[in-house]
Amino acid sequence: MDFYATIFEVIDVRSFSNMWYWIALAVLWSTASHFVLGVPFDLALKAKRQGGDRMRDLEDLVRINCGRLSNIAEVSGLVLTALGSALIVILAITGFGYGLQFSQAVFMMAFPMIFVGALNIRTAQKIIKEETKGEALVAELRRHRFYVQLIGMCSIFVTAMWGMYQNIAIGPLGG
């Protein structure tokens, strides 16, 4: 028997039945909901509890990250939007048009992140415009995190349903 055939038989390379895909999906959404605008959410909670220097540190970190996000959106937003859209369309066509399961899996991870990115930019611009500070800043970060988690829950649900459908339709032996 061919060495590569044995490897592919032992390690399932189909995306939706591969344990590593589901681990990567969990890590993606865990990271997206923990780092709110690039700031670890536990820093916001500590700043709210302890105040003082912690709150000033949080405000500075949020100000820096919001400035970065806003600058990226202004300077290269059009190019990033065009490239991201092209990538998503390519994944959608190769995945759902041609039935390539790897493209479907990457699409299921990348497409919802578009909404998270847009939400990040919108929240960053709102914080800059309103010069949000203190308790109001923590509340805004909490609200932002809630929406990211909501997008993540919907994404994981849709991905799980599509993955189960693919696994049932293809079968355990790839037939």
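Sequence positions are assigned chain by chain, starting from 1 and proceeding in written order. Local features in a predicted model are, by the rule used here, given only for residues with pLDDT of at least 70; side-chain atom pairs are given and counted only at 80 or more, and totals for whole chains, interfaces and linings are based on all residues. Hydrogen atoms and water are omitted, and side-chain values are computed over all heavy atoms in the structure.

Participant: Just checking my understanding: could you explain the layout of surface pockets for this structure?
Facilitator: The gaps of empty space that remain are located by a probe, the size of a water molecule, rolled over the atoms. Think of a 1 Å grid over the protein atoms and nothing else: a 1.4 Å probe that fits but is trapped marks a cavity, an open set flanked by protein within 12 Å on at least five of seven lines marks a pocket, and residues with an atom within 4 Å of a point count as lining. Grid points are joined across faces, edges and corners, and a volume is the space filled by probe spheres set on the points. Taken as a whole, the largest pocket encloses approximately 440 Å³ of empty space. As for the largest pocket, its lining consists of 16 residues, of which Leu80, Thr81, Ile114, Gly117 and Ile121 are closest to the centre. By definition, any uninterrupted DSSP run of H or I lasting at least four residues is a helix, any uninterrupted run of E lasting at least two residues is a strand, and each is numbered from the N terminus. At the level of elements, helix 4 (53–97) and helix 5 (101–130) are the ones that each hand at least two residues to the lining of the largest pocket. Per element, the largest residue contribution to the lining of the largest pocket is nine residues, and it comes from helix 4. Taken together, the residues of the lining of the largest pocket sort by class into ten nonpolar, six polar and no charged. Polar here means any residue outside two lists: the nonpolar Ala, Val, Leu, Ile, Met, Phe, Trp, Tyr, Cys and Pro, and the charged Asp, Glu, Lys and Arg; Gly therefore counts as polar.

Participant: Mind showing me how you'd approach the environment of Phe146 here?
Facilitator: Its location among the elements puts Phe146 in helix 6 (residues 134–170). In this structure Phe146 comes out as partly exposed when scored by relative accessible area, which is 47%. Exposed residues in this analysis have more than 50% of their type's maximum accessible area, buried residues have under 20%, and partly exposed residues fall in between, with area computed by a 1.4 Å probe over protein chains only.

Participant: Help me out: how do you make sense of the packing of helix 5 against helix 6 in this one?
Facilitator: Axis angle and axis distance: for two packed helices, these are the angle between their axes and the distance between the axes, and together they describe the pair. A fitted line through C-alpha atoms serves as each axis, taken over the contacting stretch for helices, and the angle formed by two N-to-C directions is quoted from 0 to 180°. It is the contact of helix 5 with helix 6, at a shortest axis distance of 10 Å, that shows an interaxial angle of 170 degrees. Between helix 5 and helix 6, the angle falls in the class roughly antiparallel. Tallied by class, the residues present in the contact of helix 5 with helix 6 amount to 14 nonpolar, eight polar and three charged. Every angle not falling under 35 degrees, over 145, or within 65 to 115 is termed oblique; those three ranges are roughly parallel, roughly antiparallel and roughly perpendicular.

Participant: So what exactly am I meant to see when it comes to helix 2 (residues 19–34) here?
Facilitator: Three or four residues apart is the spacing at which side chains of an α-helix point the same way, because the helix has 3.6 residues per turn. One fewer than the residue count of a helix, multiplied by 1.5 Å, yields its expected span. Here helix 2 spans 22 Å end to end across 16 residues, near enough to the 22 Å set by a 1.5 Å rise per residue. Those residues of helix 2 lying buried are Tyr21, Leu25, Trp29, Ala32 and Ser33. Mapping the buried residues of helix 2 onto a view down its axis gives an arc of 95 degrees, with all of them on the same face. Among the exposed residues of helix 2, those pointing more than 90 degrees away from its buried face are Met19 and Trp20. Contacts between residues were defined by any pair of non-hydrogen atoms, one from each residue, lying within 4.5 Å. The secondary structure elements touched by the buried residues of helix 2 are strand 1 (35–36), helix 5 and helix 6. Polar contact criterion, stated in full: a pair of N or O atoms within 3.5 Å, where within protein one must be able to donate a hydrogen and the other to accept it, and residues adjacent in sequence count only if both atoms are side-chain atoms. Between the side-chain oxygen at the start of helix 2 and the backbone nitrogen of Trp20 there is a gap of 2.9 Å, and the oxygen is on Asn18. Directions from the helix axis toward the C-beta atoms define the arc.

Participant: Whenever I open this one, the packing of helix 2 against helix 6 confuses me. Can you help?
Facilitator: Look at helix 2 against helix 6: their axes get within 9 Å of each other, and the N-to-C directions meet at 165 degrees. The angle between helix 2 and helix 6 places the two elements in the roughly antiparallel class. The way helix 2 lies across helix 6 gives a crossing that is right-handed. For the pair formed by helix 2 and helix 6, the contact residues are Tyr21, Trp22, Leu25, Trp29, Ala32 and Ser33 on the first element and Arg145, Val148, Gln149, Ile151, Gly152, Ser155, Ile156, Thr159 and Ala160 on the second. Residues belonging to the contact of helix 2 with helix 6 are distributed by class as follows: nine nonpolar, five polar and one charged. Crossing chirality is assigned from the near helix's rotation relative to the far helix, an anticlockwise turn below a right angle marking it left-handed and a clockwise turn marking it right-handed.

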